[in-house]
Amino acid sequence: MAMEPTVKVALGTAAFAIFWVLAVFPAVPFLPIGRTAGSLLGAMLMVLFNVITADEAYAAVDLPILGLLFGTMVVSVYLERADMFRHLGRLLSWRSQGGKDLLVRTCVVSALASALFTNDTCCVVLTEFILKIARQNNLPPKPFLLALASSANIGSAATPIGNPQNLVIAVQSGISFGDFVFGILPATLVGVVVNAGMLLCLYWRELSDEKCVDVAHDDALEVVEEDDVTSHRFSPATMSHPRGGRGARPIDGSGALDVAAGCEAHCCCEPVKPDAADANGVDAKVGIHQRKGVAGGVVGRKEEEYSSVEEKEEVAMEEWKNKLWKSCVYAITFGMLAALLLGLNMSWSAITAALALIVLDFKDARPCLEKVSYPLLLFFCGMFITVDGFNKTGIPSTFWEFMEPYARIDTPTGVVILALVILFLSNVASNVPTVLLLGARVAASAAAISPGAETNAWLLLAWVSTVAGNLSLLGSAANLIVCEQARRSRQFGYTLSFFSHLQFGFPATLVVTGIGLLLIKSS
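Residues numbered from 1 in each chain as written. Predicted model: local features only at pLDDT ≥ 70, side-chain atom pairs only at ≥ 80, totals over all residues. Heavy atoms only, no water.

## Here we look at the overall build of the protein chain
Turning to step 1, where the next piece is worked out: When helices and strands are tallied, the protein chain shows 20 helices and three strands.
Turning to step 2, where the next piece is worked out: The proportion of buried residues among the 523 residues of the protein chain is 51%.
Turning to step 3, where the next piece is worked out: Pairs at least 24 apart in sequence give 72% of the contacts found in the protein chain among residues at least 6 apart.
Turning to step 4, where the next piece is worked out: Total accessible area on the protein chain stands at roughly 23700 Å², and carbon and sulfur atoms take up 64% of it. (Helix = DSSP H or I, 4+ residues; strand = E, 2+ residues; numbered from the N terminus. Buried < 20%, exposed > 50% of the residue type's maximum accessible area, 1.4 Å probe, protein only. Contact = heavy atoms within 4.5 Å. Areas by Shrake-Rupley, 256 points an atom, 1.4 Å probe, with all protein chains shown as cover.)

Okay, structure coming up:
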């Protein structure tokens, strides 16, 4: 593709530069409008500068990708309501054998969760767990936060629904869900193991077992109590909390409470004497949970043994219905994954699963739909238009024409050069725009070599652009989520600096990327 006239190239580059600055640094002093607004601003400038027409801008929005992203987000909301992430949190603390064991568990759980529920979701809901476990075991939070972020990025590479750039690649390439998973899974498994090994080597002394609480042989001590496990709800104000038995504690700056606490922000617990009994002689439970309403009325009621068989049966029926509902949520989710593995349309499979969960819930879906990240969907719309406009300037094509002779995937040197280009662009221009800019060109170049090479090129692009997020703190949104969640945590706050992340991220990324290239290239 030839370069456009100089004026059009300059205006298109300026619009893309504004988008890039606001996407990478959303709170810049001169225009602190955020990523979503920055994306829409870049798209609008592309149309106003006549780099692309309005019709071309509408056509640039990829609806299948948006549909897949929307469907998976809705499914994640219902899985959170069904306590899926609560169970994942328990895996981090069940019969722990010390600091090294906890670090390895963090790597495995975060990689698994990110492959199924996206890396950003995994980091949002697990960061507080990691901080809590580290503090309760008198361990430094840094290696665990690094393990969470890096393993989430590596694990998300394994599936098309693991991260946004994989969604783009899966839709644009037409590679089936099964071929995608089995093509990258070996690299992901080895990458998670190598990443965990490097963390253990780097922080071996700091993870000494002598510092840890020995929870393996003392049932009275739990790193995190079974009922003291929570996830960061997408909207704490509208999400119901399960009943728990220990005191309520704020867990972050927003004032959200530990799910295990069982009480809302205005609850109070009043101890009852052990020998206290109700009218039927049944011992009362430990506390009274009350919540005061706006008019000062009491909404809650005393937690005590039910005085009649009818009440007990009613409660048992409600518990049975709740378990049945959760089982159905898990069944529909696994059905969605099975549909994806069978090669059915990914977008419609995810949307169908989301609508099935909404119908199954049999109540107004607005509270759950409000938890969908619509700013992210708008960000993608603006990004599609902005990147398409930048493509039409001819700059990406000219750059690839220069690099293509040196970045052919039929030679080891070419694969290495291609990987370095993707690593660089993913950390400078972000991974999703990099995939949008280079994906079709890399695939076309590989297809000219052999038909099978095209699939390998897409998988290499997915692997490198995802693992590239571990290079620096700004490399992926998952890293920023972990850093920000850890910093804002009221009780377990910790600041993960850019250079402390780079100290581990730079060498680990190069090693893990190289191993993945060998495994994917040979598959």
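## A short note on helix 12 (residues 346-361)
Turning to step 1, where the next piece is worked out: Between the first and last C-alpha of helix 12 there are 23 Å, a value that for 16 residues agrees with the 22 Å anticipated at 1.5 Å per step.
Turning to step 2, where the next piece is worked out: By the burial criterion, the buried members of helix 12 are Met 346, Ser 347, Ser 349, Ala 350, Ile 351, Ala 353, Ala 354, Leu 357, Ile 358 and Asp 361.
Turning to step 3, where the next piece is worked out: Residues of helix 12 that are buried in the fold lie against helix 4 (63-81), helix 9 (164-173), helix 10 (177-202), helix 11 (309-341) and helix 13 (366-369).
Turning to step 4, where the next piece is worked out: A side-chain oxygen of the first residue of helix 12 lies 3.1 Å from the backbone nitrogen of Ser 347; this N-cap is Asn 345.
Turning to step 5, where the next piece is worked out: Positive backbone phi, at 55°, marks Phe 362, one or two positions downstream of helix 12. (Expected span 1.5 Å × (residues − 1). Polar contact = N/O pair within 3.5 Å; in protein donor to acceptor, adjacent residues only side chain to side chain.)

## Some words on unusual backbone geometry
Turning to step 1, where the next piece is worked out: The backbone phi angle of Asn 50 is positive, close to 60°, even though this residue is not glycine.
Turning to step 2, where the next piece is worked out: Position of Asn 50 among the secondary structure elements: in the loop between helix 2 (34-48) and helix 3 (54-60).
Turning to step 3, where the next piece is worked out: Even without being glycine, Phe 362 reaches a positive phi, approximately 55°.
Turning to step 4, where the next piece is worked out: Counting through the fold element by element, Phe 362 comes out in the loop between helix 12 and helix 13.

## As for helix 18 (residues 451-467)
Turning to step 1, where the next piece is worked out: Taking 1.5 Å per residue, 17 residues should reach 24 Å; helix 18 reaches 26 Å between its end C-alpha atoms and fits that length.
Turning to step 2, where the next piece is worked out: Most of helix 18 is tucked away: 13 of the 17 residues are buried.

## Remarks on the packing of aromatic side chains
Turning to step 1, where the next piece is worked out: Under the counting rule described, the total for this entry stands at seven aromatic pairs.
Turning to step 2, where the next piece is worked out: Note on Phe 16 and Phe 19: the rings are 5.8 Å apart at their centroids and 50° apart in plane angle, and the pair reads as tilted. With Phe 16 and Phe 19 both in helix 1 (residues 6-24) and three residues apart, this pair spans about one turn of that helix. Of the two residues, Phe 16 and Phe 19, both sit in the buried class.
Turning to step 3, where the next piece is worked out: Ring-pair connections join several aromatic residues into one group, and the members of that group are Phe 16, Phe 19, Phe 379, Phe 380, Phe 384 and Phe 390.
Turning to step 4, where the next piece is worked out: Positioned above the aromatic ring of Trp 204, the side-chain terminus of Lys 100 is 4.5 Å from the ring centre. (Phe/Tyr/Trp six-rings, centres within 6.5 Å; stacked < 30°, edge-to-face > 60°. Lys NZ or Arg CZ within 6 Å of the ring centre and 35° of its normal.)

## Points about the confidence of the model for the protein chain
Turning to step 1, where the next piece is worked out: Per-residue confidence for the protein chain gives a mean pLDDT of 78, with 79% of residues at or over 70.
Turning to step 2, where the next piece is worked out: A low-confidence stretch, residues 210-303 stays under pLDDT 50, and its non-local contacts, those more than four residues away or across chains, total 178 contacts. (pLDDT = per-residue confidence, 0-100.)

## Thoughts on the side chain of Asn 153
Turning to step 1, where the next piece is worked out: In this fold, Asn 153 is placed in helix 8 (residues 141-156).
Turning to step 2, where the next piece is worked out: Not counting residues within four places of it along the chain, the set of residues in contact with Asn 153 comprises Asn 119, Thr 466, Gly 469, Asn 470, Ser 476, Ala 478 and Asn 479.

## Concerning the packing of helix 4 against helix 14 (residues 374-392)
Turning to step 1, where the next piece is worked out: Across the interface, helix 4 lies against helix 14 with an axial gap of 11 Å and an inter-helix angle of 165°. Regarding the angle of helix 4 to helix 14, the classification is roughly antiparallel. The chirality of how helix 4 crosses helix 14 is right-handed. On helix 14, the residues that touch Ile 65, Leu 66, Leu 69, Phe 70 and Met 73 of helix 4 are Tyr 374, Leu 376, Leu 377, Phe 380, Cys 381 and Phe 384.
Turning to step 2, where the next piece is worked out: Residue classes in the contact of helix 4 with helix 14 are distributed as eleven nonpolar, no polar and no charged. (Axes fitted to C-alpha atoms, helices over the stretch in contact; angles between N-to-C directions. Parallel < 35°, antiparallel > 145°, perpendicular 65-115°, else oblique. Left-handed = near helix turned anticlockwise from the far one by under 90°. Nonpolar A, V, L, I, M, F, W, Y, C, P; charged D, E, K, R; others polar.)

## Let's talk about a nonpolar patch on the surface
Turning to step 1, where the next piece is worked out: Nonpolar side chains collect at one region of the surface, where Phe 25, Leu 474, Phe 498 and Phe 499 lie side by side and expose about 400 Å² of accessible area between them.
Turning to step 2, where the next piece is worked out: Its location among the elements puts Leu 474 in the loop between helix 18 and helix 19 (477-488). (Patch = residues over 30% accessible without salt bridge, like charges linked within 9 Å, V, L, I, M, F, W, Y side chains within 5 Å. Salt bridge = Lys/Arg side-chain N within 4 Å of Asp/Glu carboxyl O.)

## Notes on the environment of Leu 45
Turning to step 1, where the next piece is worked out: Along the chain, the position of Leu 45 falls in helix 2.
Turning to step 2, where the next piece is worked out: When the C-alpha atoms of Leu 45 and Thr 386 are compared, they prove to be 8.4 Å apart, with 341 residues separating the residues in sequence.
Turning to step 3, where the next piece is worked out: Each residue touching Leu 45, except ones within four places of it in the same chain, is listed here: Ala 15 and Ile 18.

## Details of a negative patch on the surface
Turning to step 1, where the next piece is worked out: On the surface, Glu 310, Glu 311, Glu 313, Glu 314 and Glu 318 cluster together into a patch of negative charge.
Turning to step 2, where the next piece is worked out: Mapped onto the elements of the fold, Glu 310 is located in helix 11. (Lys, Arg positive; Asp, Glu negative; His and termini not counted. Charge placed at Lys NZ, Arg CZ, Asp CG, Glu CD.)

## Some words on the environment of Phe 380
Turning to step 1, where the next piece is worked out: Mapped onto the elements of the fold, Phe 380 is located in helix 14.
Turning to step 2, where the next piece is worked out: Residues Phe 380 and Val 432, spaced 52 residues apart in sequence, show a C-alpha to C-alpha distance of 9.3 Å.
Turning to step 3, where the next piece is worked out: Not counting the four nearest positions on each side in its chain, Phe 380 is found in contact with Ile 65, Leu 66, Leu 69, Pro 164, Val 168 and Val 432.

## Considerations on the packing of helix 6 (residues 99-117) against helix 7 (residues 119-136)
Turning to step 1, where the next piece is worked out: For the pair helix 6 and helix 7, interaxial distance at closest approach is 8 Å and the crossing angle is 160°. The angle between the axes of helix 6 and helix 7 places the two elements in the roughly antiparallel class. In this structure, the crossing between helix 6 and helix 7 has a hand that is right-handed. Taking contact as the criterion, the partners of Leu 102, Thr 106, Val 109, Ser 110, Ala 113, Ser 114 and Phe 117 in helix 6 are, on helix 7, Asn 119, Thr 121, Cys 122, Leu 126, Ile 130 and Ile 133.

## Focus: the environment of Phe 49
Turning to step 1, where the next piece is worked out: Following the sequence through the fold, Phe 49 ends up in the loop between helix 2 and helix 3.
Turning to step 2, where the next piece is worked out: Sequence-wise, Phe 49 and Ala 14 are 35 residues apart; in three dimensions their C-alpha atoms are separated by 9.9 Å.
Turning to step 3, where the next piece is worked out: Every residue in contact with Phe 49, bar those within four places of it in the chain, is listed here: Leu 11 and Ala 15.

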